Amino acid sequence: MLKEIVIAIQSYSRAHKFISKHRLWKWIIIPGILYTILFMVGMYFFWTSSGAAVTYLSHSLGIDRWLHRQSSGFLSFIFMMGEIMVRLILVLFYFSLFKYLFLIIGSPLFAYLSEKTESIIAGKDYPFSWSQLFKDMARGIKLALRNTLWQTVYSVSLLILSFFPVVGWVTPVIVLFVECYYYGFSMLDYSCERHKLSPTESIEFIGKHKGLAIGNGIIFYLMHLVPILGWVLAPAYAVIAATISLYYQHKEV
């Protein structure tokens, strides 16, 4: 798995060189700007609502009043850390829902970028077909909904765990790795579909190559640490890097 994570990470560098060499910037910048606008608006409302949710929960359970009566700095610190962890998990969960919404909206573009990338690398032409495009969109939506369901199950389970002091502090890290896997899964599936793998076969294949999915998702999320520029480039870079990593994985095999 570690080797595959490294391959996936290195593929982002290859993706940058590939985009520059073949002048694909128009397919990167325009959807990237749309993603950035939606991301900024979404995260503003997500962060605000997560704070309100945590405050409401704390007040409903009487935690704030109980802490006030205890007058303990240590207990206040423990529960403050717990509150931060819960809020982070809620934001990550909100972001995962936003991410899948964008994947559904952008599935035609992502499918096209993945196809164009492999077409250039392999020197093989994939003729455009409206019927195939609609099939790709339907498949992408179906898998996005499936991944949303499973990721929600995992996120809710980890959210419950986060209420336990100290133990719950590591849950945001686990949630982030789950996020990375499922996002990378979506990026890799465009190539799996093009190679005629059924959704079930794609799930099984990517399950055997979790490192490629996790590595792709890790860099995608790290790019969000670079305001504006990282947000604009992250989605398209992720799909091109995923296509490249899977192509070279097959070549090495």
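Everything here concerns the structure above.
Values in this document were obtained by computation on a predicted structure and should not be read as measured data.

Colleague: I'd like to hear about helix α8 (residues 210-222), residue by residue, with values.
Modeller: Given 3.6 residues to a turn, an α-helix orients residues that are three or four positions apart in the same direction. In this model, α8 (13 residues) spans 18 Å end to end at C-alpha, consistent with the 18 Å of a helix rising 1.5 Å per residue. Within α8, ten of the 13 residues are buried, which leaves it mostly tucked inside the rest of the structure.

Colleague: Outline the nonpolar core, listing residues and values.
Modeller: Ranked by internal contacts, the top residues of the largest apolar core, which has 61 residues, are Tyr12, Phe95, Met187, Ile206, Phe220 and Ile240. Within the residue set of this core, elements represented by two or more residues are α1 (2-21), α2 (25-61), α4 (73-122), α5 (130-162), α6 (171-194), α7 (199-208), α8 and α9 (229-252). By residue number, the principal contributor to this core is α4, which donates 14 residues.

Colleague: Mind laying out α1, listing which residues take part and the relevant values?
Modeller: Between its terminal C-alpha atoms α1 stretches 29 Å, which fits the 28 Å expected from 20 residues at 1.5 Å a residue. Residues Glu4, Ile5, Ile7, Ala8, Ser11, Tyr12, Ala15, Phe18 and Ile19 constitute the buried set of α1. Taken from the residues just after α1, Arg23 is the one with a positive phi, measuring 50 degrees.

Colleague: Tell me what's going on with the environment of Leu197, and back it up with residues and numbers.
Modeller: For Leu197, the position within the fold is in the loop between α6 and α7. The residues contacting Leu197, other than those within four sequence positions of it, are Arg139, Cys192, Ser202 and Phe205.

Colleague: Let's hear about the environment of Tyr237: which residues, and what values?
Modeller: The residue Tyr237 is located in helix α9 in this model. Placed 224 residues apart in sequence, Tyr237 and Ser13 show a C-alpha to C-alpha distance of 9.4 Å. When near neighbours in sequence (up to four residues on either side) are disregarded, Tyr237 contacts Tyr12, Ala15, His16, Ile19, Trp25, Ile28 and Met223. Among the polar contacts listed, one links the side chain of Tyr237 to the side chain of His16, at a separation of 2.6 Å.

Colleague: Lay out a nonpolar patch on the surface in plain terms, naming residues and giving numbers.
Modeller: A cluster of nonpolar side chains, namely Trp25, Ile29, Ile30, Ile33, Ile37, Val41, Tyr44 and Phe45, defines an oily patch on the protein surface of about 800 Å² accessible area. In this fold, Ile33 is placed in helix α2. Take Ile33: its relative accessible area is 43%, and that puts it in the partly exposed class.

About the cut-offs
- Residues numbered from 1 in each chain as written.
- Predicted model: local features only at pLDDT ≥ 70, side-chain atom pairs only at ≥ 80, totals over all residues.
- Heavy atoms only, no water.
- Helix = DSSP H or I, 4+ residues; strand = E, 2+ residues; numbered from the N terminus.
- Expected span 1.5 Å × (residues − 1).
- Buried < 20%, exposed > 50% of the residue type's maximum accessible area, 1.4 Å probe, protein only.
- Core = buried A, V, L, I, M, F, W, Y, C linked by side-chain atoms within 4.5 Å.
- Contact = heavy atoms within 4.5 Å.
- Polar contact = N/O pair within 3.5 Å; in protein donor to acceptor, adjacent residues only side chain to side chain.
- Patch = residues over 30% accessible without salt bridge, like charges linked within 9 Å, V, L, I, M, F, W, Y side chains within 5 Å.
- Areas by Shrake-Rupley, 256 points an atom, 1.4 Å probe, with all protein chains shown as cover.
- Salt bridge = Lys/Arg side-chain N within 4 Å of Asp/Glu carboxyl O.

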